[in-house]
Amino acid sequence: MALVNAGVVVLDCAEPEKLAEFYKGLLGAEETDMTANRVEIEGPGGFRMAFRRDANATPPSWPRPENSLQVHLDFVVEDLDEAERGIVGLGGRPVEAKDPAGPHEERGFSDPAGHSFTLRRAVTPTSPKQG
């Protein structure tokens, strides 16, 4: 039995309303709750995020080493180029310009408040060997 139920990913930021708009566009999410200092959204798959006002919030500087990575989100997409265009249109920015070598194609970005996240291309599962 689980000790806790699934919760909400919460990002601190100076302007929760603006950051919620970015993630609503990114995830196709709906606003589910709003107070003076917090906005919560939920995506079609039930993924929940909230954005809490912190006037002193300082965005992480990743990938620069002087400020360590504090939180990192991974999102799965079908088309990296299309998703990148959408993210830039919503106010996000790329932080890694090339696809790294390895089994997954992925690209790094930051949201308008500076939180980092990665897009990872959905991998089509292969069927097990018969035999």
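None of these values were measured; they are calculated from a predicted model.

1. Notes on the overall build of the chain
Then comes step 1: Each helix and strand counted, the chain has 2 helices and 8 strands in total.
Then comes step 2: Helices (α) and strands (β) of the chain occur, in sequence order from the N terminus, as β-α-β-β-β-β-α-β-β-β.
Then comes step 3: With 131 residues in all, the chain has 29% of them scored as buried.
Then comes step 4: Contacts in the chain between residues at least 24 apart in sequence constitute 52% of all its contacts with a sequence separation of at least 6.
Then comes step 5: Summing over all exposed atoms, the chain offers an accessible surface of approximately 8,600 Å²; the carbon and sulfur share of this is 51%.

2. A closer look at the sheet that holds strand β1 (residues 9-13)
Then comes step 1: The mixed open sheet is built from 4 strands, whose spatial order is β1-β4-β3-β2. Edge positions in the open sheet fall to β1 and β2 (30-35), since each of these has one partner strand only. On average, each strand axis in the sheet is tilted by 20° relative to the strand beside it, whichever way the strands run.
Then comes step 2: The sheet contact formed by β1 and strand β4 (residues 48-53) spans 5 bridges and is parallel. In the sheet register, cysteine 13 faces β4, and the bridge partner there is arginine 53.
Then comes step 3: Set on the sheet, helix α1 (residues 16-27) makes contact with β1, β2, β3 (38-42) and β4; between it and β4 the angle comes to about 165°.

3. Description of the nonpolar core
Then comes step 1: If you look at the biggest cluster of nonpolar residues, it comprises 20 residues, and the most contacted ones within it are Tyr23, Phe51, Phe117 and Leu119.
Then comes step 2: Contributing elements (two or more residues each) for this core: β1, α1, β3, β4, β5 (73-77), α2 (80-90) and β8 (116-121).
Then comes step 3: Ignoring sequence-local partners within four residues, the contact set of leucine 119 consists of Phe75, Val77, Leu80, Ala83, Glu84, Ile87, Glu105, Glu106, Arg107 and Phe109.

Conventions and cut-offs
- Residues numbered from 1 in each chain as written.
- Predicted model: local features only at pLDDT ≥ 70, side-chain atom pairs only at ≥ 80, totals over all residues.
- Heavy atoms only, no water.
- Helix = DSSP H or I, 4+ residues; strand = E, 2+ residues; numbered from the N terminus.
- Buried < 20%, exposed > 50% of the residue type's maximum accessible area, 1.4 Å probe, protein only.
- Contact = heavy atoms within 4.5 Å.
- Areas by Shrake-Rupley, 256 points an atom, 1.4 Å probe, with all protein chains shown as cover.
- Pairing = 2+ DSSP bridges.
- Axes fitted to C-alpha atoms, helices over the stretch in contact; angles between N-to-C directions.
- Core = buried A, V, L, I, M, F, W, Y, C linked by side-chain atoms within 4.5 Å.

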